[in-house]
Amino acid sequence: YRRERTLVLRSSSSALYNNLAVLCPPSRPPAFGAVHGTTLSLLGNEGPPRQLQARGGASALSTPLLTQAAWCELPARVLLVLTSQRGVQMYESDGSTMVFWHALDVPEHPAAHSVFARGIAAAGGHFICVGTSSGAVLVFDIPPKGTNVTLSEILEQHRDPITDIAAEQGQAPDGAGDLVTADDSGTLCLWSTGEEFTLLGKIPGSGSTCSSVTLWNGIVAAGYGNGQIRLWEAGSGRIRAQVSAHARWIYALDLAPLTGKLLSGAEDSFVHVWKLSRNPDTDDIEIQHCHAECVTDTQVCGARFCDPAGDTFAVTGYDLSEILCYGPA
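Everything numeric here is computed off the predicted structure, so don't read it as measured data.

1. Looking at the pattern of salt bridges
Overall, the coordinates contain 9 salt bridges when judged by the stated rule. Among the ionic pairs, Glu92 bridges to Arg77, the shortest N-O distance being 3.3 Å. Here Glu92 is found in strand S8 (residues 87-92), whereas its partner Arg77 is found in the loop between strand S6 (66-73) and strand S7 (78-84), with 15 residues between them in sequence. You can call Glu92 partly exposed: its relative accessible area is 28%. The closest approach of N and O atoms between Glu267 and Arg248, which form a salt bridge, is 3.5 Å. Of this pair, Glu267 sits in the loop between strand S23 (261-266) and strand S24 (270-278) while Arg248 sits in the loop between strand S21 (239-244) and strand S22 (250-256), and the two are 19 residues apart along the sequence. Residues joined in a network through salt bridges with shared partners are Glu233, Arg240, Arg278, Asp283 and Asp284.

Set out below in structure tokens:
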């Protein structure tokens with residue numbers, strides 16, 4: 001890979017996990033989004049750059065901070081989902097029209113910990129799952145069109161704030177879950193989606209936060225605060241590989257569904273590309289290092305592939321007012 005172009009943001013990127021959203025529509029250039037404080041900067045394939053504001057503040061002084069943004073691609077429609085300290089906002093994919101707003105329950109006597117939503121994934125054909133700081137996962141049922149979004153279920157298995165949620169990007173083997181949720185303690189929960197979500201298994205944490213997680217062909221790839229990437233079997237919950245991938249906290253993982261390439265970005269200024277595969281003879285899960293890129297003096301906080309094969313990727317960094325795009329060398 002080599003650096004191809006730079007996209008200028010109106011403001012820098014906040015130091016948040018997975019702070020880069022990418023939408024790759026077929027036969028059109030990708031759209032990008034990055035969170036800064038109370039706003040999301042959008043660089044679209046449609047029209048001029050725009051900024052979306054967090055909702056839920058009674059006045060300009062109390063506008064809540066955004067925690068994440070992601071496009072959720074469902075078979076019938078694509079929605080842009082924003083999470084904040086107050087709730088969940090859903091927009092049409094270009095950010096032009098707000099479809100739905102869900103306020104988080106704020107306790108009457110706030111404890112020492114803050115309230116926020118974080119972790120966004122489309123799942124099961126017509127659901128969008130969003131994590132919360134209480135450890136609950138909100139499951140929203142999304143209609144094919146219109147604004148009649150409903151909260152259909154709340155998954156309560158985590159005791160710590162949710163950090164990331166991922167849905168199956170390939171073909172799950174029989175009996176394997178198609179959704180994984182991760183939290184601040186490093187605990188992972190594997191789910192089978194359907195009209196009701198079923199907990200298939202729980203992988204306990206080992207003292208390090210799981211900041212980002214992906215799921216591909218029954219392989220769970222999880223990035224941790226200690227710089228490790230661990231690969232788990234989504235059916236049995238068994239660990240199959242462990243790599244000391246980064247010297248510092250991992251902030252982002254992404255997966256290219258067509259090829260099994262895995263992208264990791266961390267506080268150590270490095271972005272790595274890996275290749276996941278299953279050995280056809282032994283069914284062992286294998287990981288191979290493909291590429292390393294140093295983004296000098298930059299704490300990487302977002303890294304995403306820009307196409308399903310993983311031939312191009314983009315990177316954001318804390319306090320960096322640009323999105324850096326990389327393509328084939």
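After that view, the rundown keeps rolling.
2. Some points on the packing of aromatic side chains
Within the structure shown, the criterion is met by 5 aromatic pairs. Seen in terms of ring centroids, Tyr17 and Tyr251 are 5.3 Å apart; in terms of plane orientation they differ by 75°. Their pairing is edge-to-face. Of the two residues, Tyr17 sits in the loop between strand S1 (2-8) and strand S2 (21-23) while Tyr251 sits in strand S22, which places them 234 residues apart along the sequence. Overall, Tyr17 belongs to the buried group, its relative accessible area being 14%. On the basis of relative accessible area, Tyr251 is assigned to the buried category, the value being 10%. Judged by centre distance (5.5 Å) and plane angle (65°), the ring pair of Phe100 and Phe140 falls under edge-to-face. Residue Phe100 is located in strand S9 (residues 98-103), and its partner Phe140 is located in strand S12 (residues 136-141); the two are separated by 40 residues in the primary sequence. Of the two residues, Phe100 and Phe140, both sit in the buried class. Pairwise contacts between aromatic rings join Tyr1, Phe313 and Tyr326 into one cluster. The lysine or arginine in question, Arg230, covers the ring of Tyr224, its NZ or CZ lying 4.2 Å from the ring centre.

3. Points about the sheet that holds strand S5 (residues 50-53)
Strand order in the open sheet formed by 4 strands is S2-S3-S4-S5, with antiparallel pairing between adjacent strands. Edge positions in the sheet fall to S2 and S5, since each has one partner strand and no second. Between one strand axis and the next, the sheet turns by 20° as a mean value, whatever way the strands run. Note: strand S3 (residues 31-36) against strand S4 (residues 39-43), 5 bridges, orientation antiparallel. Across the sheet, the residue bridging to Gly33 is Leu42, located in S4.

4. Some words on the environment of Pro143
Here Pro143 is to be found in the loop between S12 and strand S13 (150-156). The sequence separation of Pro143 and His126 amounts to 17 residues, and the corresponding C-alpha distance is 7.1 Å. Setting aside residues no more than four positions away along its own chain, Pro143 makes contact with Arg77, Asn148 and Val149.

5. Re the UniProt feature "repeat: WD" (unreviewed entry) in the chain
Mapped onto this numbering, the UniProt entry gives "repeat: WD" (unreviewed entry) at residues 243-284. Helix makes up 0% of residues 243-284 and strand 57%, whereas the separation of the span's terminal C-alpha atoms amounts to 15 Å.

Here is what the cut-offs are and how they apply
Residues numbered from 1 in each chain as written. Predicted model: local features only at pLDDT ≥ 70, side-chain atom pairs only at ≥ 80, totals over all residues. Heavy atoms only, no water. Salt bridge = Lys/Arg side-chain N within 4 Å of Asp/Glu carboxyl O. Helix = DSSP H or I, 4+ residues; strand = E, 2+ residues; numbered from the N terminus. Buried < 20%, exposed > 50% of the residue type's maximum accessible area, 1.4 Å probe, protein only. Phe/Tyr/Trp six-rings, centres within 6.5 Å; stacked < 30°, edge-to-face > 60°. Lys NZ or Arg CZ within 6 Å of the ring centre and 35° of its normal. Pairing = 2+ DSSP bridges. Axes fitted to C-alpha atoms, helices over the stretch in contact; angles between N-to-C directions. Contact = heavy atoms within 4.5 Å. UniProt positions renumbered as here; feature names shortened; annotations may be inferred.

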